[in-house]
Amino acid sequence: MASTEEAGKLPASSLYDSSSPSQPLLSTPPPPPEPDQQPGPDPDPTQYLQITYNHGPRPFKDLPFLVLFLLVVLLTFAFGIFSAFNRNTEYSDVSSYSYSSTSASCVKNSASLARRDTLYVSSSLSSSAVTDLIWVLVITLILSVPICFSLLLLLKHYTKQVVYASLPFFVLMPVFLNIYWFVACTVSSSCSDDFPLVYRILVLVFVFLVIAVIVWIFVANWHRIELTVRIIGVASDALSRNLALFVVLPCMTLGLLIYYAPIVVFLVLARQNGEIIASESDDEYTCKWKQDSWVPAYFALAILTMLWSLTVTIEAQVYVISGTIAQWYFSKDDTAPRKKIRSSLRNALGPSSGTICFSGLVICVVRMVRTAVDGAKREDAPGIVNLVLRCCVNTLLLAVEFLNKFTINFAAITGEAYCTSARMTYELLKRNLLSAVFVETISTRLLAGIVFVFSAIYAVVVWAILKGVSDLGVDSYLLAVLAWVLLIVVLGFFIHVLDNVIDTVYVCYAVDRDRGEVCKQDVHEVYVHLPPQ
């Protein structure tokens, strides 16, 4: 009987795993998981674990914007060639035409010779001053190269000393200029008559108050300045390991200038498309030049092409910088891959060219909208509504520019499309609670101040040399100012590169932190002190 009951229970017990001693024979088995209700992966911790530099073949992204850019360029050159062959050769001889009442049209006066006015350019500079100016600019341009590399080495090895030595000049130079103009205006009889003493004192006190505010900002943000010093040192070290960028990036700028040359020629030739017509004014007929109706539209197209090409070139430079620095960052044991700049250039001109065109178009639109807003501001349109709208538009434009800057960094690293890179960059920084504003604002302004101080010191040295070796007099001040401007332009390009290196290292650190890895220990030791958002 017992054996019969056990035999009857055998089939039921065989449905369970009797080999496991911890599972009772009569326990209810767990229901098998249904295929349609399998838990999906958590998007937050795992979606971006594979973010790193994409060394493999990249697919083409944002192709419609590349096609649109090429179409705009093609139309610009096509209509430019048309304007060259369709131009009216009589454009320069308008003054030799006169109105003929017999033919009721403008005819060329054969008795008079075509006169060409000679343009005499008057200059306040003497011939010796012009010669000295050329020499000063040439020597400044030559010396700017070693000055840039010297500044890079100083920022790499002696960042703290350079920054702290430059900070006093941020205050001393405005103080000196403020006192200098006050004394010079007081000594000059014409200035003192036009600008009474009371107003001079008010301006003097106001400038000193502004300087006091600057000093207060330095004191209140001293801990941030110390962190920025370390960030600049890390970025200078990264840039010093990729010095070939200083060859590639100027070549890209030179290529843009060569590309601009035929467009400028087309614009000049487009003005010569038209005809000479008779114009009536106060019952008197005169001959004047009338352009063809399509010429203004071509000017708008050509200017748009030049602006878009400029922003595309700038974004391509940022892309190459970001791709090169990212390859160095994610390399192991400080052995960066070979031909990393060539790889970044190939990606910029190939798979990511549409993304760069998209980014350039965004910046171009931002610039045009900002120009329109500034124009409306100069017109001083009344009303609180206009003021609020201008503030809102400027805030939106700043946000777009800010996001675009880190988007192109991320696109250079991953090869993703523009919109995908923008979304992933925002989520990456948000997920890691990193303050991009801190890196963007303080480092940029501090580097700009250092460039200003170095350029001003160079200008003073140039002025002292000119005073000692020449008799230029007042012209020596003008030559020193021009040398200062030229050096600021060159060093400004250097700071532009270094600023983009800072942003790229920042994004790479965010990727490292998101993956839980440490590719560059010295970078983590600095960026870990960034304040949260």
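Residues numbered from 1 in each chain as written. Predicted model: local features only at pLDDT ≥ 70, side-chain atom pairs only at ≥ 80, totals over all residues. Heavy atoms only, no water.

Attention now goes to the overall build of the chain. Within the chain, the regular secondary structure consists of 17 helices and four strands. When each of the 533 residues of the chain is scored for burial, the buried share is 39%. Taking contacts inside the chain between residues at least 6 apart in sequence as the whole, the part at least 24 apart equals 78%. (Helix = DSSP H or I, 4+ residues; strand = E, 2+ residues; numbered from the N terminus. Buried < 20%, exposed > 50% of the residue type's maximum accessible area, 1.4 Å probe, protein only. Contact = heavy atoms within 4.5 Å.)

Put simply, the chain has an average pLDDT of 78, and 79% of its residues get 70 or more. Taken element by element, the chain is modelled with least confidence in helix 1 (residues 2-13), mean pLDDT 42, and with most confidence in helix 3 (residues 63-86), mean pLDDT 93. Low confidence marks residues 33-49, where pLDDT is under 50. Its contacts with residues over four positions away, or in another chain, come to twelve contacts. When the criterion is pLDDT under 50, residues 111-124 qualifies, and its contacts beyond four places in sequence or with other chains add up to four contacts. (pLDDT = per-residue confidence, 0-100.)

A separate point is a positive patch on the surface. There is a patch of like positive charges on the surface, built from Arg338, Lys339, Arg342 and Arg346. With respect to the helices and strands, Arg346 occurs in helix 11 (residues 340-349). (Patch = residues over 30% accessible without salt bridge, like charges linked within 9 Å, V, L, I, M, F, W, Y side chains within 5 Å. Areas by Shrake-Rupley, 256 points an atom, 1.4 Å probe, with all protein chains shown as cover. Salt bridge = Lys/Arg side-chain N within 4 Å of Asp/Glu carboxyl O. Lys, Arg positive; Asp, Glu negative; His and termini not counted. Charge placed at Lys NZ, Arg CZ, Asp CG, Glu CD.)

The next point concerns helix 7 (residues 197-220). The first and last C-alpha atoms of helix 7 sit 35 Å apart over 24 residues, in line with the 34 Å expected at 1.5 Å per residue. The complete set of buried residues in helix 7 reads Arg200, Leu204, Ile211 and Phe218. Where the residues of helix 7 are buried, they touch helix 5 (159-187), helix 6 (189-194) and helix 8 (222-240). (Expected span 1.5 Å × (residues − 1).)

Mapping Val373 onto the fold places it in helix 12 (residues 353-378). Assessed through its relative accessible area of 12%, Val373 is described here as buried. Put simply, Val373 and Leu389 are 16 residues apart on the chain and 9.4 Å apart in space, counted from C-alpha to C-alpha. With residues near it in sequence (within four places) discarded, Val373 still touches Arg390, Val393 and Asn394.

Our next topic: the environment of Ala244. Structurally, Ala244 can be placed in the loop between helix 8 and helix 9 (245-270). Residue Ala244 is classed as partly exposed on the basis of its relative accessible area, which comes to 40%. Along the backbone, Ala244 and Ile341 are 97 residues apart, and their C-alpha atoms lie at a distance of 7.8 Å.

Once that is clear, we can look at unusual backbone geometry. The phi torsion at Asp62 lies on the positive side, around 55°, for a residue other than glycine. Exposure remark for Asp62: the relative accessible area of 16% places this residue in the buried category.

Moving on, we come to the packing of helix 10 (residues 295-329) against helix 16 (residues 475-515). It is at 9 Å that the axes of helix 10 and helix 16 come closest, and there the two elements cross at 50°. Taken as axis vectors, helix 10 and helix 16 run oblique relative to one another. Of the two elements, helix 10 crosses helix 16, and the hand of that crossing is right-handed. Contacts between helix 10 and helix 16 pair Ile314, Gln317, Val318, Ile321, Ser322, Ile325, Ala326 and Tyr329 from the former with Phe493, His496, Val497, Asn500, Val501, Thr504, Val505, Cys508, Tyr509 and Asp512 from the latter. (Axes fitted to C-alpha atoms, helices over the stretch in contact; angles between N-to-C directions. Parallel < 35°, antiparallel > 145°, perpendicular 65-115°, else oblique. Left-handed = near helix turned anticlockwise from the far one by under 90°.)

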